[in-house]
Amino acid sequence: MSPSRIARAVVTPIAFADPPLLNVVGVHQPYALRAIVELHTDTGLVGLGETYGDEAILERLAAVAAALPGHDPYDLNGLRRLVTTVLGGDTGGAGASYGGMLEVSSAHPGVHSPFEVACLDLIGRETGRPVSDLLGGAVRDRVPFSGYLFYKWAGHPGLADDDWGAALDPDAIVAQAKRMVDGWGFGSLKLKGGVFPPDDECAAIEALAEAFPGVPLRLDPNGGWTPQTSVRVAERLAGVVEYLEDPTPGIDGMAYVAARTEVPLATNMCVIAFEHLAPAVAADAVQIVLSDHHLWGGLRPSVQLAGICDAFGMGLSMHSNSHLGVSLAAMVHLAAATPNLTYACDTHYPWKTEDVIVAGALGFEDGSVAVPTGPGLGWSWTGTCSARCTSSTSPAACDGGRTPPTCARSSRVSR
Ligand code: MG
């Protein structure tokens, strides 16, 4: 049999409901935007990837999709070159939106990532091996996640309240945490901060410590504090949090804080590309890197990042923003194949009320997700692929991804 080739690539923008979660830049909008990449081979296989879905990245994804027919999915180095050619270089595209909080010097890694994941999914489906095997093999059969707590409004302005209700003080955060722990079994908890004055957020963390003794806690204000305030918070929460995440912006600011506290500092904001590693290591600015395959160029570059963190004695965990099940599957395979994953990963997944994958295909038990053992990413389409879409492929009709999903009402931006 001749090797499979990519026959067509489809990029589907997805809008899915997102609760009114608060952070340093404001509130999550009623819908989160993602993009699903489908790579169809001339042998009838379909590989999938997922990434951000704002307009700028959609245009770039569509341009790459148009250039992919005829490409060998096993030629991952060639994929990288193809993306470089389409984008006009490895650099450029700075300002690609990642929630308005991150600065990237190149759009290349973010555009490359979903196609790389989809190629690995294809290779796995063709060879009958899970993606974790393609990344070196799973070193764990379950991947632990932390419960992600947010200050939030009861509902979006003008829309009905959600069933989580408002969470605007320590008691409500503790109640939210109890629901997360009872429902998903999380064994560590993270609070998104940067919303209220730092002392108020410290009080919420202390309330969590009292309610959940021994449970590792994290606080992440997304760089919302000055270095001096960050040091003061670190003094108050020393021995209470397992780490502070991006208390202050930039490598220099983080280095200032790190030099004045024993509390480890984690980041998904000031070290988000390979070019940031050398200055961060030289300044001893961060002790834990929160990887994100959407930002770092895909799964294989993330394995490379893990090796670098190991070499320099830095801890490693995983960042998340609002995402769907395709991303969760990729995160689980990557985490499974990362020996030096030293902390439970982040995920927004419990906040999601609709998905593109079959309900229950990826489930949380004791705060962790079992690593899929099926071919590729190891799960199936449901076909319910848009917040505004009511058509659905019956899960019973699904054949594990060999047949393209059918969702007549989804809009597509590419062939
Ligand atoms: Mg963060």
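For the structure itself, look to the data block above.
These lines cover the structure that appears in this document, whether it is placed above or below. Not measured: the values here are computed from a predicted model.

Let's shift gears to the sheet that holds strand S10 (residues 243–245). Sheet architecture is open: seven strands sit in the order S7-S8-S9-S10-S11-S12-S13, paired in parallel fashion. Two strands in the sheet have a free side with no partner beyond their single neighbour: strand S7 (147–150) and strand S13 (315–318). Along the sheet, successive strands turn relative to each other by an average axial angle of 25 degrees, direction set aside.

Time to look at the side chain of Ser106. Mapped onto the fold, Ser106 is located in the loop between helix H2 (76–87) and helix H3 (108–127). Note on Ser106: relative accessible area 11%, which makes it buried. A polar atom in the side chain of Ser106 sits 3.0 Å from the backbone nitrogen of His108.

Their axes nearest at 9 Å, the elements helix H7 (residues 227–237) and helix H8 (residues 251–258) cross at an angle of 35 degrees. For the crossing formed where H7 meets H8, the hand is right-handed. For the pair H7 and H8, contact is made by Pro227, Gln228, Ser230 and Val231 and by Gly253, Tyr256 and Val257, respectively. Its residues assigned to classes, the contact of H7 with H8 comprises four nonpolar, three polar and no charged.

Backbone geometry at Asp246 places phi at a positive 40 degrees, although glycine is not the residue there. One can find Asp246 in the loop between S10 and H8.

Attention shifts here to the pattern of salt bridges. The full count for this structure, using the stated rule, is 15 salt bridges. Among the ionic pairs, Glu206 bridges to Arg236, the shortest N-O distance being 2.8 Å. A residue pair is termed long-range when its members are at least 10 positions apart, and Glu206 in helix H6 (residues 198–211) and Arg236 in helix H7 qualify at 30 residues. Under the relative-accessibility criterion, Glu206 is labelled partly exposed at 29%. You can call Arg236 partly exposed: its relative accessible area is 33%. With its nearest N and O atoms 3.6 Å apart, the salt bridge here joins Lys352 to Asp355. On the accessibility criterion, Lys352 (16% relative accessible area) is buried.

Time to look at helix H1 (residues 55–67). Taking 1.5 Å as the rise per residue, H1 with 13 residues should run 18 Å; its terminal C-alpha atoms sit 19 Å apart, in good agreement. Burial in H1 covers these residues: Ile57, Leu58, Leu61, Ala62, Val64 and Ala65. Buried residues along H1 cover an arc of 165 degrees about the axis, so they all sit on one side. Exposed side chains of H1 directed beyond 90 degrees from the buried face belong to Glu55 and Glu59. The inward-facing, buried residues of H1 abut strand S1 (6–17), strand S4 (31–41), strand S5 (46–52), H2 and H3.

A separate point is the nonpolar core. Of all hydrophobic cores here, the largest spans 115 residues; its most connected members are Leu39, Phe115, Phe145 and Leu208. The element that contributes the greatest number of residues to this core is helix H12 (residues 325–336), accounting for nine residues. Viewed by domain, this core spans two of them, domain 1 (6–132 + 379–414) and domain 2 (136–370), each represented by three or more residues. Apart from the residues within four sequence positions on either side, Leu208 is in contact with Leu149, Ile173, Val174, Ala177, Leu189 and Leu217.

Turning our attention to the sheet that holds strand S14 (residues 364–365). Pairing in this open sheet of three strands is antiparallel, and the strands run S6-S15-S14 from one edge to the other. Every interior strand has two partners, whereas the edge strands, strand S6 (142–144) and S14, have only one. Pairing between S14 and strand S15 (residues 368–370): two bridges, direction antiparallel. Residue pairing in the sheet places Phe364 in a bridge with Val369 of S15.

About the thresholds
Residues numbered from 1 in each chain as written. Predicted model: local features only at pLDDT ≥ 70, side-chain atom pairs only at ≥ 80, totals over all residues. Heavy atoms only, no water. Pairing = 2+ DSSP bridges. Helix = DSSP H or I, 4+ residues; strand = E, 2+ residues; numbered from the N terminus. Axes fitted to C-alpha atoms, helices over the stretch in contact; angles between N-to-C directions. Buried < 20%, exposed > 50% of the residue type's maximum accessible area, 1.4 Å probe, protein only. Polar contact = N/O pair within 3.5 Å; in protein donor to acceptor, adjacent residues only side chain to side chain. Left-handed = near helix turned anticlockwise from the far one by under 90°. Contact = heavy atoms within 4.5 Å. Nonpolar A, V, L, I, M, F, W, Y, C, P; charged D, E, K, R; others polar. Salt bridge = Lys/Arg side-chain N within 4 Å of Asp/Glu carboxyl O. Expected span 1.5 Å × (residues − 1). Arc of directions from axis to C-beta. Core = buried A, V, L, I, M, F, W, Y, C linked by side-chain atoms within 4.5 Å. Domains from an automatic or database assignment.

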